[in-house]
Amino acid sequence: MAGQYATLVRDDRVHGSLYTDPTIFAEEMDRIFRRGWVFLGHESEIAAPGDWVTRSIGLESVIMVRDRDGAIRVLANRCAHRGNRLCWKERGHDSRFQCIYHGWTFGLDGSLRAVSHKAGFDPARGDMPLDRAGQVDSHRGFIFANMSGDAGPLADHLGAGGRALIDRLCDLSPSGRIHFGAGWIGHRVESNWKMWPESDSDGYHLDFVHASMLRAVPDNYYDETVIGGESKNVSRAIDHGGGVNELDLRPSYRRELAWLGTSRDKVASYCAALEARHGKERADRLLWDGPPHGFIFPNLFLGEGNVARVDPVDVGAVLHVHTALQLEGVDPALNRRLVRQSEAGLGPASFIVPDDAIIAERMQLGFQGLKPPLNESDNGPGWVDLSRGRARESHEANGTRVGHVSDETTNRSFWRHYRHVMESRA
Ligand code: FES
Ligand SMILES: [Fe+2]
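Only a predicted model underlies this, so the values are computations on that prediction, with no experimental measurement involved.

**Digging into helix 10 (residues 332-346)**
Right, so step 1: Taking 1.5 Å of rise per residue, 15 residues should cover 21 Å, and helix 10 covers 21 Å from first to last C-alpha, within 8% of that figure.
Right, so step 2: For helix 10, the full list of buried residues reads Leu338, Ser342, Gly345 and Leu346. Angular distribution of buried residues about the axis of helix 10 spans 70°; they occupy a single face of the element. Seen from the buried face of helix 10, the exposed residues on the opposite side, beyond 90 degrees, are Pro332 and Ala333.
Right, so step 3: Check the buried side of helix 10 and you find it contacts strand 17 (300-303), strand 18 (306-314), strand 19 (317-324), strand 20 (326-327) and helix 11 (353-366).

In structure tokens form, the structure reads like this:
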């Protein structure tokens, strides 16, 4: 229904039924996840021809594979004969995909290579390749795809803000390349998927939800960047437009390498390599600034030393899956340190995601049974307030909006783009 999402998503609040209504969820899977760009993974995961991993685009399982010619293909993980799932494992290396139901065989490009007991099929039936993504593209090794093929250029989807966030992460590597060699860890959470773009970019809750982390790890860098409210730090919440947003911690750092919890003498070879690539001034800047904390619509979270995907499962369930940042060509001890940091932050026994998961599940319970508002003037129960900082955020000349790190500028960024996508693809 045209205008439905303008009723549900206002400038300063959204309605709780957006998290629980199965019809809305089905429309999101089509308009956002089938017809728009979705983050899948990294080129390093399928480095050699024949390497593949399974991922999902919305609810659809796909195979992301390196073809013989080096190209990256994204194929529906569904046999073209009668629909059997082709790959059950998370990753593998093959020269072809063979379906175990009736033995049909497909090439790495999804083409149908062999049909068992062929005489029974009418040759006029024609080719039957695997369905595949209409567009596949990458930025600095980050692979995105969409099934429909009419999502426009990836560069436009990412925008200058999204590209800059990914660039900042990759520039921390002395080669300019990162890799995803540390593997993924996933949390299944009984919440709607949209609570994660919200929570991952929320600078307002750390004092409370993560109070135990602050007590257990005194002097961690969040103490100086996001804790203590508006009077204590000068970090910023930024809406870059297009559903890209950021908690910019850089203005609050009081020393270089705070984000890595170490000092220059402990990682001297890394610092020297970074300087050799970028020159002293830029290398010094990178060592101060560290990796970004940003979100790229609809499902990519750049969580400082982590990269995470938000994969919807159903209207009330989601997989939040993350991997540790790994820098190419550095001392293995540095990458091990990054894995340990990731485990402490986002792992199943860590300080951050398990606490956020509890909040998301409690919110999900709170929204059960809400009826969507009927029209613009329906102010019935169940609204989610997202007004914090709206009156004081600045509108910059380049189109970004900037607020205090504790403001809901980032959440409004997500929802503004959500409303645009859901309305424009209605
Ligand atoms: S379903 Fe795959 S060969 Fe029949
Ligand atoms: Fe959190």
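**Topic: the sheet that holds strand 11 (residues 142-146)**
Right, so step 1: Spatially, 2-11-10 is the arrangement adopted by the three strands of the open sheet, whose pairing is antiparallel. With partners counted over all chains shown, the strands left at the sheet margins are strand 2 (38-42) and strand 10 (135-139), one partner each. Neighbouring strand axes in the sheet, compared pairwise and without regard to direction, differ in orientation by 30° on average.
Right, so step 2: Docked against the sheet, helix 3 (residues 154-170) engages strand 10 and strand 11, running at close to 20° with respect to strand 10.

**Comments concerning the domain arrangement of the protein**
Right, so step 1: Per the domain assignment, the segments making up the protein are domain 1 (13-32 + 161-424) and domain 2 (38-139).
Right, so step 2: Opposite the 13 residues of domain 1 that make contact, domain 2 presents 10 residues.
Right, so step 3: When residues of the side of domain 1 that touches domain 2 are traced back to their parent elements, those giving at least two are helix 3 and strand 18.
Right, so step 4: No other element matches strand 18, which puts three residues into the side of domain 1 that touches domain 2.
Right, so step 5: The residue inventory of the side of domain 1 that touches domain 2, partitioned by class, reads seven nonpolar, three polar and three charged.

**Regarding the pairing of strand 16 (residues 293-296)**
Right, so step 1: In strand 16, alternate side chains face the same way, and those of His293 and Phe295 on one face and Gly294 and Ile296 on the other are all buried.
Right, so step 2: Alignment of strand 15 (residues 244-248) against strand 16, held across three bridges, turns out to be antiparallel. Among the inter-strand pairings, Val244 is bridged to a residue of strand 16, identified as Ile296.
Right, so step 3: As paired elements, strand 16 and strand 17 share four bridges and run antiparallel to each other. Bridge pairing in strand 17 places His293 opposite Gly303.
Right, so step 4: Connecting the antiparallel pair strand 16 and strand 17 is a turn made up of three residues.

**Quick word on the sheet that holds strand 6 (residues 91-93)**
Right, so step 1: Pairing in this open sheet of four strands is antiparallel, and the strands run 5-4-3-6 from one edge to the other. Two strands close off the open sheet at either side, each with one partner strand: strand 5 (72-76) and strand 6. For this sheet, the mean inter-axis angle between neighbouring strands, taken without regard to orientation, is 30°.
Right, so step 2: Both strand 3 (residues 51-57) and strand 4 (residues 60-66) contribute to a ladder of six bridges, which runs antiparallel. The partner of Trp52 across the bridge, within strand 4, is Val65.

**Focus: the nonpolar core**
Right, so step 1: Val38, Leu40, Val62, Met64, Phe144, Ala145 and Ile296 are the most contacted members of the largest nonpolar core, which has 88 residues in total.
Right, so step 2: By residue number, the principal contributor to this core is helix 3, which donates five residues.
Right, so step 3: No fewer than three residues from each of domain 1 (13-32 + 161-424) and domain 2 (38-139) sit in this core.
Right, so step 4: Apart from the residues lying within four places of it in its own chain, the contact partners of Val38 are Phe33, Ile57, Phe144, Ala145, Asn146, Pro298 and Asn299.

**Quick word on the environment of Ala151**
Right, so step 1: Among the structural elements, Ala151 can be located in the loop between strand 11 and helix 3.
Right, so step 2: Residue Ala151 is classed as buried on the basis of its C-beta count, with 22 C-beta atoms lying within 10 Å.
Right, so step 3: Residue contacts for Ala151: discarding those within four places in its chain leaves Arg35, Gly36, Trp37, Gln135, Asn146 and His157.

Cut-offs applied
- Residues numbered from 1 in each chain as written.
- Chains lettered and ligands numbered in written order.
- Predicted model: local features only at pLDDT ≥ 70, side-chain atom pairs only at ≥ 80, totals over all residues.
- Helix = DSSP H or I, 4+ residues; strand = E, 2+ residues; numbered from the N terminus.
- Expected span 1.5 Å × (residues − 1).
- Buried ≥ 20, exposed ≤ 12 C-beta atoms within 10 Å, placed from the backbone.
- Arc of directions from axis to C-beta.
- Contact = placed C-beta atoms within 7 Å.
- Pairing = 2+ DSSP bridges.
- Axes fitted to C-alpha atoms, helices over the stretch in contact; angles between N-to-C directions.
- Domains from an automatic or database assignment.
- Nonpolar A, V, L, I, M, F, W, Y, C, P; charged D, E, K, R; others polar.
- Core = buried A, V, L, I, M, F, W, Y, C linked by C-beta atoms within 7 Å.

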